[in-house]
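Structural description and commentary
Listed below are the residues making up each chain.
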Amino acid sequence: MKKIALFKDMSYSFSSEYVCEETMEGYEKYVRVSEYVEVEFTLLPEQTVVENELATLDSVEADLREKFREQLGNIESRRQNLRALTYKANAP
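Residues numbered from 1 in each chain as written. Predicted model: local features only at pLDDT ≥ 70, side-chain atom pairs only at ≥ 80, totals over all residues. Heavy atoms only, no water.

Remarks on the overall build of the protein
The cut-off we apply is this: In DSSP terms, a helix is any run of H or I states spanning at least four residues, a strand is any run of E spanning at least two, and both are numbered starting from the N terminus. Type-normalised accessible area, obtained with a 1.4 Å probe on protein chains alone, sets the label of each residue: buried when under 20%, exposed when over 50%, and partly exposed for intermediate values. Here, Shrake-Rupley sampling with a 1.4 Å probe gives the accessible areas, and only protein chains in the shown set may cover a residue.
The helix and strand tally for the protein stands at 1 helix and 4 strands. Reading the protein from its N end, one meets helices and strands in the order β-β-β-β-α. Every one of the 92 residues in the protein was classed for burial, and the buried ones make up 9%. Surface summary for the protein: the accessible area is close to 8300 Å², and the carbon and sulfur share equals 54%.

Structure (structure tokens):
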């Protein structure tokens with residue numbers, strides 16, 4: 001059994017509540033907004049967890065690769081702009 005409660009994160013100006021364990025009690029940026037309740041979680045099968053973790057890693061990797069491609073494109077664009085300036089400066 002786990003004891004959980006709702007906590008409000010005070011570091012944001014909007015209301016954002018999180019379900020947390022007792023270990024969050026006393027943290028400066030969190031304020032408990034409900035009483036604790038005891039719950040028993042049914043764990044997912046390990047294969048399902050691993051598949052979900054792999055899917056998440058694949059998604060994160062795809063996002064990073066896209067951002068990397070964008071950065072490389074920006075660098076190449078800057079190179080082309082500099083070459084164009086050099087060409088204009090050397091033109092008769």
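Re the pattern of salt bridges
A side chain of one charge can pair with a side chain of the opposite charge if their charged atoms are brought near each other. Basically, it comes down to this: Salt bridge criterion: a side-chain nitrogen from Lys or Arg within 4 Å of a carboxyl oxygen from Asp or Glu.
The tally for this structure, following the rule as stated, stands at 6 salt bridges. The closest approach of N and O atoms between Glu61 and Arg65, which form a salt bridge, is 2.8 Å. Taken together, the residues Glu61 and Arg65, both in helix α1 (residues 46-90) and 4 residues apart, mark about one turn of the helix. With a relative accessible area of 48%, Arg65 lands in the partly exposed category. Glu66 is the partner of Arg69 in a salt bridge, and the nearest nitrogen-oxygen pair spans 3.4 Å. Taken together, the residues Arg69 and Glu66, both in helix α1 and 3 residues apart, mark about one turn of the helix. Put simply, Glu76, Arg79 and Arg83 are held in one network by salt bridges that share partners.

A closer look at the side chain of Asp9
Our working rule: Whenever a nitrogen or oxygen atom comes within 3.5 Å of another N or O atom, the pair is scored as a polar contact, on the condition that within protein one atom can donate a hydrogen and the other can accept it, and that pairs from neighbouring residues in sequence are kept only if both atoms are in side chains.
Mapping Asp9 onto the fold places it in strand β1 (residues 2-9). Residue class for Asp9 comes out buried when judged on its relative accessible area of 2%. In this structure the side chain of Asp9 is engaged in a polar contact, spanning 2.5 Å, whose partner is the side chain of Ser11.

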